[in-house]
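Chain and residue survey
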Amino acid sequence: FHPGFPADPRVYLSYTSTGSGLVSRISEFRTRDGGATLDPASEVMLLSIAQPASNHNGGNIAFGPDGYLYLGLGDGGAGGDPDDRAQDPTDLLGKFLRIDPTAGDTPYGVPEDNPNVGGANGSDARSEIWLRGVRNPWRWSFDPLTGDLWIADVGQEEVEEIDFLPNDGTGRNAGRAANLGW
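Residues numbered from 1 in each chain as written. Predicted model: local features only at pLDDT ≥ 70, side-chain atom pairs only at ≥ 80, totals over all residues. Heavy atoms only, no water.

Describing the sheet that holds strand E10 (residues 161–165)
Strand order in this open sheet of 3 strands is E8-E9-E10, and the pairing throughout is antiparallel. At either end of the open sheet lies a strand with only one pairing partner, and these are strand E8 (139–142) and E10. On average, each strand axis in the sheet is inclined to that of its neighbour by 10 degrees, with strand direction left out of account. Pairing geometry for E8 and strand E9 (residues 149–153), over 4 bridges, is antiparallel. Counterpart to Trp-140 in the pairing with E9 is Ile-151. (Pairing = 2+ DSSP bridges. Helix = DSSP H or I, 4+ residues; strand = E, 2+ residues; numbered from the N terminus. Axes fitted to C-alpha atoms, helices over the stretch in contact; angles between N-to-C directions.)

If you want it as structure tokens, here you go:
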């Protein structure tokens, strides 16, 4: 739900579509009955990201304490991330994205303080990327009191990973996106 809900009736969903290959979609819908149902005709697709496999699609989304929408996306599947998507600054897979779904006339805006805005980390680096190096962050949340971010990331073999990023700026270094190492 939009942070201004119910006065602002927008609702955001993350889902994987199977129509023409696997695609992760982030869409905005409107509710006309206080959240009991969504109007399917109101869908505005914000992002569409091709998925190379049926696993590691991530998909958790939430508004952060700063009012921006955060998206956790898996690396697209296959053991060991053979295409190095989680580290590739031009690929949205294996990342946390941070967008402003209410900005401008385009489907979404990018916060000015995102680490890659303005080519800060290479001219091809995607400006939506807020954090990189995750395998499949399928569950995560912001602490409602502190704004700290807790991430449950799927491990490779026997070990799952829990990451903690404090809401004090130390989760990023020198203007770069935090890198959780996957």
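Now that the structure has been shown, the text picks up again.
So, the sheet that holds strand E1 (residues 10–17)
An order of E1-E2-E3 is seen for the 3 strands of this open sheet, with the pairing classed as antiparallel. The open sheet is flanked by E1 and strand E3 (39–50), the only strands paired with a single partner. Neighbour to neighbour, the strand axes of the sheet diverge by 25 degrees on average, direction disregarded. Bridge count for E1 against strand E2 (residues 23–30) is 8 bridges, and the pairing is antiparallel. Bridging from a neighbouring strand, Val-11 pairs with Phe-29 of E2.

What to know about the packing of aromatic side chains
Per the stated rule, a full pass over the model turns up 7 aromatic pairs. Ring centres of Trp-150 and Phe-164 lie 4.7 Å apart, and the angle between their planes is 50 degrees; this geometry places the pair in the tilted category. Here Phe-164 lies in strand E10 and Trp-150 lies in strand E9, a separation of 14 residues in the sequence. Accessibility expressed as a relative area gives 39% for Phe-164, which makes it partly exposed. Here the aromatic cluster, defined as three or more aromatic residues joined through ring pairs, consists of Tyr-70, Phe-96, Trp-130, Trp-140 and Phe-142. (Phe/Tyr/Trp six-rings, centres within 6.5 Å; stacked < 30°, edge-to-face > 60°. Buried < 20%, exposed > 50% of the residue type's maximum accessible area, 1.4 Å probe, protein only.)

Notes on the nonpolar core
Judged by nonpolar contacts, the single largest core of 17 residues is most densely connected at Ile-26, Leu-47, Ile-49, Leu-69, Leu-71, Leu-92 and Leu-97. If we ignore the near neighbours within four places in the chain, the residues touching Leu-97 are Leu-47, Ile-49, Leu-69, Tyr-70, Leu-71, Leu-73, Leu-92, Glu-128, Ile-129 and Trp-130. Grouped together as the second largest cluster of nonpolar side chains are 11 residues, Tyr-70, Trp-130, Leu-149 and Leu-165 included. (Core = buried A, V, L, I, M, F, W, Y, C linked by side-chain atoms within 4.5 Å. Contact = heavy atoms within 4.5 Å.)

Considerations on the pairing of E9
Residue alternation in E9 divides its side chains into a buried set, Leu-149, Ile-151 and Asp-153, and an unburied set, Trp-150 and Ala-152. In this structure, the hairpin formed by E8 and E9 is closed by a connection of 6 residues, where Gly-147 is found at a positive phi of approximately 80 degrees. The pairing of E9 with E10 spans 5 bridges and is antiparallel. For Ile-151, the partnering residue across the bridge sits in E10 and is Asp-163.

Considerations on unusual backbone geometry
Note that the residue after Phe-5, namely Pro-6, is joined by a cis bond; omega there is 15 degrees. Inspection of the secondary structure assignment puts Pro-6 in the segment before E1. Backbone geometry at His-56 places phi at a positive 60 degrees, although glycine is not the residue there. Among the structural elements, His-56 can be located in the loop between E3 and strand E4 (61–63). Given the relative accessible area of 9%, His-56 is considered buried. Positive phi values are uncommon outside glycine, yet Asp-84 reaches one of about 55 degrees. Assignment of secondary structure puts Asp-84 in the loop between strand E5 (69–73) and strand E6 (95–99). Here Asp-84 falls in the partly exposed class, since its relative accessible area comes to 41%.

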